[in-house]
Amino acid sequence: MRKSLKAVAAGAACVVAGAALYGAGAATAGQSTANSTHEPYNIGLLVKDIDTYYGTAADGNGVYQASPDSPYAKDLARIDADARHYIDKAARKARHKGEKAAVVFDIDDTLLLSLDYEKRYNYTYNSTTWADYVNRADRPAVFGSPELVRYAESKGVEVFYNSGLSEAQRTAAVENLKKVGADVNLDAGHMFLKDKANPPAYLKDCAVPGTWNCTTVQYKSGTRKHIEDDLGYEIIANFGDQYSDLDGGYANRTYKLPNPTYFVS
């Protein structure tokens, strides 16, 4: 079941992350700590950690951007280098076996960065403000991702998109991806978005027209199964910023991009 798309940082995932980073706290001179309690990691400190990780700064237009010198950017660069090496090797192997190789990309915070939205709305989600933000079609790219899309295409690998965006947001998504240079296979046959009113037949176990009961994993893995079983491709790699983008099989390798700002189950 999909939780709030933009879960505030006090959610369980971030509590665990905070505990891993800082533990339960430490006593200082004149102070004592109640180590028997389960106080969550302080949200103000967590937000500072997130800003440090992204190197968050407002540009000349007041838009919050990630820094290309940030730990976030360096983590992405390592993932990108590994993915390029793997795609090249896997694509050659697939051709040798007579298979049609494909890669699958999530969109939000895998190809398009929503850090500015997170900062402006204090890491909370509202369907109206989120729809308005997406429809502006001016999000920056996640560092390296559009180049990776084009790299996969250059190796003869078919590119697909598997996103939680709604069918009503298709035009904006296509426009934004074109702006950042991910202008590869942006047609309806390659970009799969949620259509709750008229879900595809391959999701019949969890969705019928007008009734959508698919979890994120069911929706995304079901779409990948369709790409492999019905369209005849071998998905060599699947990219996403949430584990729910990746779970459920139907990909030879998965790549989890960093995203400490929200959690999708």
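Keep in mind it's a predicted model, so treat the numbers as computed, not measured.

**Student:** What is the right way to read the overall build of the protein from this model?
**Tutor:** Scanning the protein from terminus to terminus reveals nine helices and nine strands. A burial count over the protein gives 43% of its 265 residues as buried. The contacts in the protein between residues at least 6 apart in sequence include a share of 68% that link residues at least 24 apart.

**Student:** Any chance you could explain the state of the cysteines here in plain terms?
**Tutor:** Defined simply, a disulfide is a covalent bond joining two cysteines at their sulfur atoms. What the rule picks out here adds up to one disulfide. Residue Cys206 pairs covalently with Cys214 via a disulfide, S to S 1.9 Å. Since a negative S-S torsion denotes a left-handed disulfide, the Cys206-Cys214 link at about 80 degrees is right-handed. The burial state of Cys206 is the same as that of Cys214; both residues are buried.

**Student:** Explain the nonpolar core here, please?
**Tutor:** If you look at soluble globular proteins, the nonpolar side chains tend to sit buried side by side. The biggest cluster of nonpolar side chains holds 53 residues, and the ones touching the most others in it are Val103, Phe105, Ile107, Tyr161, Leu177, Met191 and Phe239. The greatest single-element share of this core, amounting to nine residues, is contributed by helix α3 (residues 71–97). Within the second largest apolar cluster, seven residues are counted, among which are Phe160, Ile227, Tyr233 and Ile235.

**Student:** Mind showing me how you'd approach helix α2 (residues 43–54) here?
**Tutor:** In an α-helix there are 3.6 residues to a turn, and that puts residues three or four apart on one side. Here α2 contains 12 residues, and its C-alpha end-to-end distance of 17 Å stays within 8% of the 16 Å for a straight helix at 1.5 Å per residue. Buried within α2 are the following residues: Leu46, Val47, Ile50, Asp51, Tyr53 and Tyr54. Projected down its long axis, α2 carries its buried residues within an arc of 160 degrees, all on one side. For α2, exposure combined with an orientation more than 90 degrees from the buried face picks out Lys48 and Thr52. A side-chain oxygen of the first residue of α2 lies 2.9 Å from the backbone nitrogen of Gly44; this N-cap is Asn42. Looking at the residues trailing α2, positive phi occurs at Gly55, about 65 degrees.

**Student:** Just checking my understanding: could you explain helix α7 (residues 170–180) for this structure?
**Tutor:** Listing the buried residues of α7 in full gives Arg170, Ala172, Ala173, Val174, Asn176 and Leu177. The inward-facing, buried residues of α7 abut α5 (127–135), β4 (158–166) and β5 (191–194). Phi turns positive, to about 95 degrees, at Gly181, one or two residues after α7.

**Student:** What exactly am I supposed to notice about unusual backbone geometry here?
**Tutor:** Negative phi characterises most residues that are not glycine, and trans characterises most peptide bonds. Positive phi outside glycine occurs at Asp109, with the angle close to 65 degrees. Among the structural elements, Asp109 can be located in the loop between β3 (100–105) and α4 (115–120). If you check the backbone angles, Tyr250 has positive phi at about 65 degrees while not being a glycine. Mapping Tyr250 onto the fold places it in the loop between α9 (243–246) and β9 (254–256). Judged by its relative accessible area of 31%, Tyr250 falls in the partly exposed class.

**Student:** Could you clarify how one ought to interpret the side chain of Asp109 in this entry?
**Tutor:** Asp109 sits in the buried class, given a relative accessible area of 3%. At 2.7 Å, the side chain of Asp109 and the side chain of Tyr262 are in polar contact.

**Student:** Looking at this model, I keep getting lost on the confidence of the model for the protein. Mind explaining?
**Tutor:** With 86% of its residues at a pLDDT of 70 or more, the protein has an overall mean of 90. Segment residues 1–25: pLDDT under 50, and 48 contacts once partners within four positions in sequence are set aside and those in other chains are kept.

**Student:** I'm lost on the packing of aromatic side chains in this one. Help?
**Tutor:** In this description, an aromatic ring pair is defined by two values, namely the gap between the centres and the angle between the planes. Scanning the model with the defined rule gives 14 aromatic pairs in all. Measuring from ring centre to ring centre gives 4.5 Å for Tyr54 and Tyr72, while their planes differ by 50 degrees; the resulting arrangement is tilted. Of the two residues, Tyr54 is situated in helix α2 and Tyr72 in helix α3; the sequence distance between them amounts to 18 residues. We note Lys119 situated over the ring of Tyr64; from NZ or CZ to the ring centre the distance is 5.5 Å. One cation-aromatic arrangement involves Lys256 over Tyr243; the distance from NZ or CZ to the ring centre is 5.2 Å.

**Student:** Can you walk me through the pattern of salt bridges in this structure?
**Tutor:** Side chains bearing opposite charge may pair, as long as their charged atoms lie close to each other. Enumeration according to the criterion identifies 15 salt bridges in this entry. Across the salt bridge formed by Asp88 and Arg92, the nearest N and O atoms sit 3.3 Å from each other. Residue Asp88 and its partner Arg92 are both found in helix α3; the two are separated by four residues, about one turn of the helix. Its relative accessible area of 21% is what places Asp88 among the partly exposed residues. The residue Arg170 makes a salt bridge to Glu167 at a minimum N-O spacing of 2.7 Å. Take Glu167: its relative accessible area is 32%, and that puts it in the partly exposed class. Here the salt bridges share partners, and the residues they tie into one network are Asp88, Arg92 and Lys155.

Cut-off values and rules
- Residues numbered from 1 in each chain as written.
- Predicted model: local features only at pLDDT ≥ 70, side-chain atom pairs only at ≥ 80, totals over all residues.
- Heavy atoms only, no water.
- Helix = DSSP H or I, 4+ residues; strand = E, 2+ residues; numbered from the N terminus.
- Buried < 20%, exposed > 50% of the residue type's maximum accessible area, 1.4 Å probe, protein only.
- Contact = heavy atoms within 4.5 Å.
- Disulfide = S-S within 2.5 Å.
- Core = buried A, V, L, I, M, F, W, Y, C linked by side-chain atoms within 4.5 Å.
- Expected span 1.5 Å × (residues − 1).
- Arc of directions from axis to C-beta.
- Polar contact = N/O pair within 3.5 Å; in protein donor to acceptor, adjacent residues only side chain to side chain.
- pLDDT = per-residue confidence, 0-100.
- Phe/Tyr/Trp six-rings, centres within 6.5 Å; stacked < 30°, edge-to-face > 60°.
- Lys NZ or Arg CZ within 6 Å of the ring centre and 35° of its normal.
- Salt bridge = Lys/Arg side-chain N within 4 Å of Asp/Glu carboxyl O.

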